[in-house]
Amino acid sequence: MDKKQANSKSCLQPVPKVIVSCRGKNGEDNALAVAYCCNCSYDPPMVMVGIVPSRHSYSMIKDSGCFVVNLVSKDYSEIFNYLGSHSGRDENKLAKMNVKTAEALKINAPILLDCPVNIECKVVDSIVTGSHEMFVGKVEYVHADAQLVNDKGNIDFSAVNFIS
Ligand SMILES: Cc1cc2nc3c(=O)[nH]c(=O)nc-3n(C[C@H](O)[C@H](O)[C@H](O)COP(=O)(O)O)c2cc1C
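Residues numbered from 1 in each chain as written. Predicted model: local features only at pLDDT ≥ 70, side-chain atom pairs only at ≥ 80, totals over all residues. Heavy atoms only, no water.

**Q** Quick question: what am I supposed to make of the sheet that holds strand β5 (residues 66-71) here?
**A** Two orientations exist for strands paired in a sheet by backbone hydrogen bonds: parallel and antiparallel. Read across the open sheet, the 7 strands follow the order β2-β1-β5-β8-β9-β4-β3; overall the sheet is antiparallel. Bordering the open sheet on either side are β2 (29-34) and β3 (37-41), each of which pairs with just one other strand. The sheet shows a mean angle of 35° between the axes of neighbouring strands, direction not considered. Pairing geometry for strand β1 (residues 18-23) and β2, over 6 bridges, is antiparallel. When the sheet's bridge partners are listed, R23 is paired in β2 with D29. Taken strand by strand, helix α1 (residues 56-64) contacts β1, β2, β4 (46-51), β5, β8 (117-128) and β9 (133-144), and its axis lies near 60° from that of β1. (Pairing = 2+ DSSP bridges. Helix = DSSP H or I, 4+ residues; strand = E, 2+ residues; numbered from the N terminus. Axes fitted to C-alpha atoms, helices over the stretch in contact; angles between N-to-C directions. Contact = heavy atoms within 4.5 Å.)

**Q** Mind showing me how you'd approach the side chain of R23 here?
**A** Here R23 is to be found in strand β1. Relative accessible area serves as the criterion here: at 8%, R23 is assigned to the buried category. At 2.6 Å, the side chain of R23 forms a polar contact with the side chain of E103. A distance of 2.7 Å separates polar atoms of two side chains, one belonging to R23 and the other to N108. Once residues within four sequence positions are removed from consideration, R23 is found in contact with E28, D29, M60, S64, E103, N108, A109 and P110. (Buried < 20%, exposed > 50% of the residue type's maximum accessible area, 1.4 Å probe, protein only. Polar contact = N/O pair within 3.5 Å; in protein donor to acceptor, adjacent residues only side chain to side chain.)

**Q** Would you explain α1 in this entry?
**A** Along an α-helix, residues three or four positions apart point the same way, because every turn accommodates 3.6 residues. Within α1 the residues assigned to the buried category are S57, Y58, M60 and I61. When α1 is viewed along its axis, its buried side chains cluster within an angular range of 170° and face the same direction. For α1, the elements touching its buried residues are β1, β2, β4, β5, β8 and β9. Just downstream of α1 lies G65, where phi reads positive at about 70°. (Arc of directions from axis to C-beta.)

**Q** Quick question: what am I supposed to make of the nonpolar core here?
**A** Proteins that are soluble and globular tend to have nonpolar side chains buried together. One finds V20, V34, V49, I51, F67 and V69 to be the most contacted residues of the largest nonpolar core, which totals 23 residues. Sorting the residues of this core by element identifies β1, β2, β4, α1, β5, β8 and β9 as the ones contributing at least two each. Residues contacting F67, with those up to four places away along its chain left out, are V20, S21, V47, V49, I61, I107, I119, E120, C121, V123, F135 and G137. In this structure, V72, L94, V99 and I163 belong to the second largest nonpolar core, which totals 14 residues. (Core = buried A, V, L, I, M, F, W, Y, C linked by side-chain atoms within 4.5 Å.)

Now the structure itself:
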């Protein structure tokens, strides 16, 4: 197989596409589309999200010290794209798109009810890597649609038609 040099930016693919939801100082809820997201510790369970400092959500996560990672299925593409192309600085995106939310159980942030899995995280560290600040979140609670969870608590990820 011949090889040739390719572009370096976002060269690790495929990656999950998630919606990160968070809450501001005045109790306002917001969410954005995120592709810089991964598991980063098995024990204790931790995930990491990369947020550009110019995002409205950035200061919310910085101030509140928490966020929710919502996994996204294909039937939620319209909302995912809207949250990824408009800013909470200009409007209440969640209200505009009629996004159904509920209170997280362990942190001060909303979970998105129509996403199949919602991962509540507390920020335990962060590192500015370049364009993004990577927030390391300790997983405090995982919600999943009941039909996805077996009797051992494991999620059947193969049953979700993830957005790609
Ligand atoms: C597919 C996709 C992936 C994205 N990934 C990220 C990301 O990993 N980190 C980030 O800060 N912004 C990412 N964005 C951009 C934000 O979602 C977008 O700028 C959003 O409008 C910010 O909203 P906010 O200002 O309300 O926080 C992505 C957008 C799309 C469409």
